[in-house]
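Secondary and tertiary structure notes
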Amino acid sequence: MAALCQTAGSGVLETCGLERILEALKLLLSPGGSGSSSLQITKHDVLLTTLKSNLSALEDKFLKDPHWKKLKLLRDEIANEAEWRQDCMDVTWRFTSQTLLLLLCLKETMIRLAVEFNPGKPNPRTPEAAPALSPDTLSISQQKTVQSVLQFVVTLGVCPYLVPGVGVPVRYRTEFGAVVQDVVCLGAAPSAPRRLYTSCKVLLNVAQHASLGSLIFCRHFGDIAAGLCQLGFCPTKRKPLNPEEEVLTEDERALSRKALRDILDQVYQPLAVRELLILQGGPPQSCTDGKTQVMCRAPAWLRRLCGQLLSERLMRPSGVQAVVRGILEGAGAGVAGGSDAEATAADWKKCDLIAKILASCPQQSLSPEDYYRDICPQILDLFHFQDKLTGLQFQRVATTTFITMSRERPQLAAKYLLQPVLAPLHRCSTTAEVSECDMVPGTILVTEEELSRCIEDVYKVYVVGNEPLTVLVDSLLPVLGVLFSLYCFTKHSVSHIRSLCQEILLWMLGKLERKKAITSLQGFAGLDKTVPSLHSLCHFKAATQGGIMITIKEAVCDEDEDEALYQKVSSEQCQVEHLGDLLSHCQECGLAGDFFIFCLKELTHMAVENEAELKTKPFSSESLLELEQHQTLLVEGPERKLLVLQLTAVLCERMSEQIFTNITQVVDFVAATLQRACASLAHQAESTVESQTLSMSMGLVAVMLGGAIQLKSSEFAILKQLLPLLEKVSNTYPDPVIQELAVDLRITISTHGAFSTEAVSVAAQSTLNKKDPEGKREEQQQASYERYSNVSYNHLEQQRSHCTSNQTSLTPNAPLVPQEVREPSITTNQKSGSITTEQLQEALLSAYDPQIPTRAAALRTLSRWIEQREPKALEMQEKLLKVLPSSQMCTLRKSCLASWHSMMAVKTSTHWRPE
């Protein structure tokens, strides 16, 4: 460096221009001195001859052309002060040495021209004129010449001297590189390490100029870094016996190590990461084709070194972005956010690779916790890039890293990833400790930007990641109530986070255990006060930018108490309705059905609740605190009942007929209905509505047993849970028709469907007709109808008689249903064509009987006679059609079933025989 400084001050550079130096460089590159900008060489002898010819042509120019004298003086002065040998038996090294000298001349000339440049003052009359260009600026053609020279220097002066496994071998790059590898003479002095050291040192010296440094590091950073790694860290085979045998001194090795770290800190960090990954190499490769050449794997010392250097890149400020960009940009995506960025973002394998790198604690870190503390904020920043394509890449990497860290180190991930993400929601939860300074009315607890970012991040981690890890589920569970309240608030206006909240809630409810999911839904509805929810002092408020923020409520004045009460009641009602909307999306997974069954069981508890325990005790026996708690209980009890009724009504309104997804839910529903009916009977509260509900639920069981679905043995085991309840209904319920159906259902369930009565099939068809009054049934239901329609009447009657005769053994306490109830004054064991005119007249009179059960039985009998084409009935067809309801004229079988259903739905008296 001292020699170069003396040269700069000698005055020679004042008259030496850039054009002459670039002309000399072109002369070295042209084959035979022809001035061509490219060199297409494929033979060893042609390459050596061309290099010798170009060197001779350059020397002739220096000796014979007076215009080249100043450049020759500059070159000779730099060469005399140089620390390496330029004369060598190897032509490739002599060529490299002369090229390196000319590059140093170019650098010193550019520096001198920049120092001497003194631009004049701009002309105020022409302010639009471009400023004067610095004389050290290279044109596009000159830059191409310099790039070609640099490629020759690296190919001839760096790559041939790298040991196997260090860098990409030059023979695998181009055909010219393969030729160069064979013509380089490694045995000639100077030695290979000394040549490599000289080339790297001079290139780094030239790179000190900004323009030349960008040209060098843009394309050749990896080769220079590989050379410095070998020079500074490659272990030597043996220690030299004397200093003369030492190839590189320890000081030179230390300078190489320092130079490597300097250039790693100076260059574009994603470029450094990419080149270090290339140097580190991949797993060992196997060759299946004998003609294919397999590159040697990087040595162990180089892999360890690159891993250490990569960890240092990662631990630097914005190191995570550098690693992500380095891997993605080097994987075929170009610059992050470029044309291929979307295709790269879709490749989850690269994201998994980055996630594994980021989740692994490097050896340089003191502990995993220290590493997570430093690295997790940078991972969270990956979620918040404005550029669409770049943001898509980084978001997927961040999501995968989030999940990987949560899987490998759940405690650290919960502390340094999940808590910061969910902090805005925790801040306003009932579990949060709100300080006195935060309780000032109007204080903003969560800003619009914080809340929006929180919801978006939660959506990306939980829904997009879709990995139901325990730590993820447990961390989101305490703030699920706040999230539901936010979802309800977004339903009142336009909000971009409404769909995100809904997707998060649906994902969470689907991944939770069913009991925890039901508990969370109770908290949403206000039935379970222990479930964390929105703090009573907090409320949502529309922000100025169209978002939502969370603030402390204003104090309520005495005049506004009524308005506040109205707002509270209205909010609770809307919350229940929004819960119904949310559950409408949970029908396929079965959650909506389970929660509906829970509500039905709550209704049963309400029916059997002993309200006598809530009566006020004498004031003297209680303290004021106990009295207040008792009064609160008296208020909360009716409030809970009203809430359950409202919730049940909303679910009945919003849910579709596919709410039950399996037979277990149907059985639970029927059991809840039977329990409520029994509870109502115990409190003498039996009503028409209760009777209709009971008939409908028992009809569902009849449909299943009637062939609508193919039941297995395990499903019959589930149905057997209904046997005690059916027995209780058959013993206690006052409606004989329901009693009979309960007995028949018990028989069918107990025999696994092997013995089924006509009442079961009639109940099944009645339920199907009620569900589809127009007769548009599914094929399976139609097949079931035809199955029962084709059964002969005599066989059904014999089956019923057998059932009645065995009723005592099956249900010893169940009262037998009188024969008059089923067929009033009509003999049921009649063969086709055997009815008389008197019987027909009696049936017609019974069809107008004021007692609904008698009228229903008569209509059923008339319908069956017409269906069986009884001659006496066909003779009075016109009169019979007037008796039957108009809605049953199209299908007489439907008339019979509808009449049976009407008989079940109405509360009947104990007198069944018509007067």
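These figures come from a predicted structure and were not determined experimentally.

Next up on the list: the overall build of the protein. Per the secondary structure count, the protein includes 41 helices and 3 strands. The buried share among the 915 residues of the protein stands at 48%. Long-range pairs, those at least 24 residues apart, make up 74% of the contacts in the protein between residues at least 6 apart in sequence. Element-wise, carbon and sulfur atoms account for 53% of the exposed surface of the protein, whose accessible area totals about 45800 Å².

Our next topic: the packing of aromatic side chains. What the rule picks out here adds up to 14 aromatic pairs. A centroid spacing of 5.8 Å and a plane angle of 70° characterise the contact between Phe 62 and Trp 68, whose relative ring orientation is edge-to-face. Residues Tyr 371 and Tyr 372 carry aromatic rings whose centres are separated by 6.0 Å and whose planes lie at 75° to one another, so their mutual orientation is edge-to-face. This pair shows no difference in class: Tyr 371 is buried, exactly as Tyr 372 is. Through pairs of rings, three or more aromatic residues link up here, namely Phe 484, Tyr 487 and Phe 524. Above the ring of Phe 233, the side-chain terminus of Arg 257 is found at 6.0 Å from the ring centroid.

This brings us to a nonpolar patch on the surface. A surface patch of nonpolar side chains, about 230 Å² in accessible area, is lined by Val 168, Tyr 172 and Ile 278. You can see Ile 278 is positioned in helix H11 (residues 269-280). Overall, the relative accessible area of 45% leaves Ile 278 in the partly exposed class.

It is worth spelling out the confidence of the model for the protein at this point. Mean pLDDT for the protein: 76, with 74% of residues reaching 70 or above. Confidence drops under a pLDDT of 50 for residues 1-15, and excluding neighbours within four residues, the segment shows 27 contacts in the predicted structure. This model gives residues 33-42 a pLDDT under 50, and the stretch forms 19 contacts once residues within four places in sequence are excluded.

Another aspect to go through is the sheet that holds strand S1 (residues 444-446). Strand order in this open sheet of 3 strands is S1-S3-S2, and the pairing throughout is antiparallel. Both edges of this open sheet fall to S1 and strand S2 (538-542), since each of them pairs with a single strand only. Adjacent strand axes in the sheet meet at a mean angle of 45°, parallel and antiparallel pairs treated alike. Where S2 and strand S3 (residues 548-552) come together, 5 bridges link them in antiparallel fashion. When the sheet's bridge partners are listed, Ala 542 is paired in S3 with Ile 548. Across the face of the sheet, helix H21 (residues 480-490) comes into contact with S2 and S3 while running at roughly 35° to S2.

Before going further, it helps to spend a moment on the pairing of S3. Summarising burial for S3: 5 of the 5 residues are buried, a large majority. Both faces of S3 are covered, namely the face carrying Ile 548, Ile 550 and Ile 552 and the face carrying Met 549 and Thr 551. Two elements, S1 and S3, share 2 bridges in a ladder whose sense is antiparallel. By the bridge assignment for S3, Ile 444 is matched with Thr 551. Remark: 5 residues form the turn of the hairpin made by S2 and S3, two consecutive strands paired antiparallel; Gly 546 in that turn has positive phi of roughly 95°.

Let's shift gears to the nonpolar core. Of all hydrophobic cores here, the largest spans 227 residues; its most connected members are Ile 455, Phe 595 and Leu 719. It is helix H5 (residues 91-116) that contributes the most residues to this core, 12 residues altogether. Every residue in contact with Leu 719, bar those within four places of it in the chain, is listed here: Ile 663, Val 667, Met 704, Leu 705, Leu 711 and Ile 749. With 14 residues, the next largest nonpolar core counts Ala 843, Leu 859, Trp 865 and Ala 873 among its residues.

Let us now look at unusual backbone geometry. Both trends apply: most residues other than glycine have a negative phi, and most peptide bonds are in trans. Even without being glycine, Ser 318 reaches a positive phi, approximately 60°. Its place among the elements puts Ser 318 in the loop between helix H12 (300-315) and helix H13 (319-333). Here Ser 318 falls in the partly exposed class, since its relative accessible area comes to 45%. You will see that Asn 466, though not glycine, has its phi angle at about 55°, which is positive. With respect to the helices and strands, Asn 466 occurs in the loop between helix H19 (448-464) and helix H20 (470-476).

When the terminal C-alpha atoms of helix H23 (residues 514-525) are compared, their 17 Å separation across 12 residues agrees well with the 16 Å that a helix rising 1.5 Å per residue should span. Within H23, burial applies to Ala 517, Ile 518, Ser 520, Leu 521, Gln 522, Gly 523, Phe 524 and Ala 525. Backbone geometry just after H23 places Gly 526 at a positive phi near 90°.

Moving on to the packing of helix H17 (residues 388-408) against helix H18 (residues 410-427). Their axes nearest at 6 Å, the elements H17 and H18 cross at an angle of 140°. As the angle between them shows, H17 and H18 are arranged oblique. Crossing hand, H17 versus H18: left-handed. When H17 is examined against H18, the residues Phe 402, Met 405, Ser 406, Arg 407 and Glu 408 are found in contact with a partner set consisting of Pro 410, Ala 413, Leu 417, Leu 418 and Val 421.

Here the focus is the environment of Ala 649. Among the structural elements, Ala 649 can be located in helix H26 (residues 624-654). In sequence terms Ala 649 and Glu 577 are 72 residues apart; their C-alpha atoms lie 9.8 Å from each other.

What follows deals with the pattern of salt bridges. Applying the stated criterion across every chain, the model contains 25 salt bridges. Salt-bridge contacts for Asp 90 lead to Arg 195; the nearest nitrogen and oxygen are separated by 2.9 Å. One end of the pair, Asp 90, is in the loop between helix H4 (69-80) and H5; the other, Arg 195, is in helix H8 (residues 192-206), with 105 residues separating them in the sequence. With respect to burial, Asp 90 and Arg 195 carry one shared label: buried. With a closest N to O distance of 3.0 Å, Lys 258 and Asp 262 form a salt bridge. Here Asp 262 and Lys 258 lie together in helix H10 (residues 250-266), a separation of 4 residues that amounts to about one turn. Counted as one network, the salt bridges with shared partners bring together Arg 261, Asp 265, Glu 312, Arg 313 and Arg 316.

So, on to the environment of Arg 304. Within the fold, Arg 304 resides in helix H12. Arg 304 gets classed as exposed once you look at its relative accessible area, which sits at 58%. The spatial distance from the C-alpha of Arg 304 to the C-alpha of Gln 280 is 8.0 Å, given a sequence separation of 24 residues.

Time to look at the side chain of Thr 399. For Thr 399, the location among the structural elements is in helix H17. Not counting chain neighbours up to four residues away, the residues in contact with Thr 399 comprise Phe 383, Lys 460, Val 461 and Gly 465.

Owing to its 3.6 residues per turn, the α-helix brings residues three or four apart onto one side. Given a rise of 1.5 Å per residue, 21 residues ought to cover 30 Å, and the 30 Å separating the end C-alpha atoms of helix H3 (residues 44-64) matches this to within 8%. Along its buried surface, H3 packs onto helix H2 (18-29), H4, H5 and helix H7 (175-183).

The rules behind the values
Residues numbered from 1 in each chain as written. Predicted model: local features only at pLDDT ≥ 70, side-chain atom pairs only at ≥ 80, totals over all residues. Heavy atoms only, no water. Helix = DSSP H or I, 4+ residues; strand = E, 2+ residues; numbered from the N terminus. Buried < 20%, exposed > 50% of the residue type's maximum accessible area, 1.4 Å probe, protein only. Contact = heavy atoms within 4.5 Å. Areas by Shrake-Rupley, 256 points an atom, 1.4 Å probe, with all protein chains shown as cover. Phe/Tyr/Trp six-rings, centres within 6.5 Å; stacked < 30°, edge-to-face > 60°. Lys NZ or Arg CZ within 6 Å of the ring centre and 35° of its normal. Patch = residues over 30% accessible without salt bridge, like charges linked within 9 Å, V, L, I, M, F, W, Y side chains within 5 Å. Salt bridge = Lys/Arg side-chain N within 4 Å of Asp/Glu carboxyl O. pLDDT = per-residue confidence, 0-100. Pairing = 2+ DSSP bridges. Axes fitted to C-alpha atoms, helices over the stretch in contact; angles between N-to-C directions. Core = buried A, V, L, I, M, F, W, Y, C linked by side-chain atoms within 4.5 Å. Expected span 1.5 Å × (residues − 1). Parallel < 35°, antiparallel > 145°, perpendicular 65-115°, else oblique. Left-handed = near helix turned anticlockwise from the far one by under 90°.

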